[in-house]
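Residue-level structure breakdown
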Amino acid sequence: MLALSNSPVYGGQAQLEGVMFGGKEHTITAIRRNDDSIDYYHYKKVQKPILQKLKKIPLIRGVVALIESAGLGSRHMQFSGDRYDITPGEEEENTTEGSKLQMMLGVAVVGILSFLFGKFAFTLIPVFIADFFSSWIESKTGQILLESGIKLLLLLTYLYFISLTPIIKRVFQYHGAEHKVINCYEAGMEITVKNVQAQSRLHYRCGSSFMLFTVFVGMFLYFFVPTDPLWLRLLDRILLIPVVLGVSFEVLQATNACRNIPVLRFLGYPGLWLQLLTTREPKDDQVEVAIASFNMLLQVEQQPEIAATLNHD
């Protein structure tokens, strides 16, 4: 779930056997260990003046928030990946070579590079496929619609097939738990397992919705640039990536702001429909972990000294 760091709202991400929540200054992950205990990881956001200024500029703020989210998410994912299936006390003995490599390169850098690689692949592969059919579909409009349709198909197919794997299915359940906790909090209800489970697993501000918006925003923007020759089309797509991300982020924020306005709330429905793929109904024990993560974040915000007692970098 995406949120600007200077906003009073909370955001979060599903992890392996856990959930991360973040506020303005702190991020907390809680995971369920293999002995059924709950373990925590804390990371304090680095408040750089230049980034804070950029986050106030429309379009640019979205790109900054996404890169920051990718970096933070990779730190928390490394923690959950290294510990969720390891007996407490044996963490150092079971450090994998992959984790060591990430530590050497810088976890945040690895996360950001992975995000950028995925975005480039997701943007450029549909271009090559659409161009292959250019002998049959020659018009600019037809090519852009075909390219966007292929991009949407790739997104849905990818999400569907990874959702079939047991580990990702559980991640999607924790994703649903994350949304339910936020929905419960924003509804002003007491955060209990019963109240949280009564909430929707969908949320207007979810990053899944953002992925879908990039498809439609990109399709609209591509009408303003040429599709021929192929090299220029590829170059335009690459140069427009920051623009697509920035505009899509603003659309995401706008749909969230309009969600309580009857005549406008439907604008966010496509994103909510996509979340039917990226979330699953969580079990009570998974909701307990999400609640533990959120409550710990609230405690750390009120008493920052508590963070020193948690796992941290």
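Preceding this section is the structure that the text describes.
Residues numbered from 1 in each chain as written. Predicted model: local features only at pLDDT ≥ 70, side-chain atom pairs only at ≥ 80, totals over all residues. Heavy atoms only, no water.

**A few points about the overall build of the chain**
To keep things clear, this is the line we draw: The helix count covers DSSP runs of H or I at least four residues long, the strand count covers runs of E at least two residues long, and both are numbered beginning at the N terminus. Residue exposure (1.4 Å probe, protein chains only): buried if accessible area is under 20% of the type maximum, exposed if over 50%, otherwise partly exposed. Here, two residues are considered to be in contact whenever any of their heavy atoms come within 4.5 Å of each other. Residue burial considers only the protein chains on display, and all accessible areas are found by Shrake-Rupley using a 1.4 Å probe.
Of regular secondary structure, the chain possesses 11 helices and five strands. Per-residue burial for the chain yields a buried fraction of 48% across its 313 residues. The long-range share in the chain, meaning contacts at least 24 apart out of those at least 6 apart in sequence, stands at 72%. Within the structure as shown, the chain displays about 15,200 Å² of accessible surface, and the carbon and sulfur contribution to it stands at 65%.

**Topic: the packing of aromatic side chains**
Put simply, the rule reads: In summary, the pairing rule links any two rings of Phe, Tyr or Trp, Trp by its six-membered ring, whose centres are within 6.5 Å, and it sorts them by plane angle into stacked for under 30 degrees, edge-to-face for over 60 and tilted for everything else.
Applying the stated criterion across every chain yields a total of 11 aromatic pairs. Each ring, one from Tyr-185 and one from Phe-294, has its centre 5.1 Å from the other, and the planes form 65 degrees; the classification is edge-to-face. Of this pair, Tyr-185 sits in helix α6 (residues 166-186) while Phe-294 sits in helix α11 (residues 284-302), placing them 109 residues apart in sequence. Of the aromatic side chains, those joined through ring pairs into one cluster are Tyr-10, Phe-21, Tyr-185 and Phe-294.

**Points about the sheet that holds strand β3 (residues 26-32)**
Put simply, the test is: The pairing criterion is simple: DSSP has to find at least two bridges between the two strands. Where helices are involved, their axes are fitted lines through C-alpha atoms of the stretch in contact, as for all axes, and angles between N-to-C directions lie from 0 to 180°.
Ordered in space as β1-β2-β3-β4-β5, the five strands form an open sheet in which the pairing is mixed. Either end of the sheet is taken by a strand with one partner, and the two such strands are β1 (11-15) and β5 (311-312). Here α6 sits on the sheet in contact with β1, β2 (18-22) and β3, set at roughly 155 degrees to β1. Where α11 meets the sheet, its contacts fall on β2, β3 and β4 (38-44), and the angle it forms with β3 comes to roughly 150 degrees.

**Here we look at helix α9 (residues 230-257)**
Filter applied, for reference: The span one expects for a helix is its residue count, reduced by one, times 1.5 Å. Fitting axes to the seven residues that end at a residue and to the seven that start at it, the angle between those axes gives the bend at that residue.
Between its first and last C-alpha atoms α9 spans 39 Å; for 28 residues at 1.5 Å apiece the expected length is 40 Å, and the two agree. The largest bend in α9 amounts to roughly 45 degrees and is located at Leu-240, with the proline Pro-242 lying one to four residues further along.

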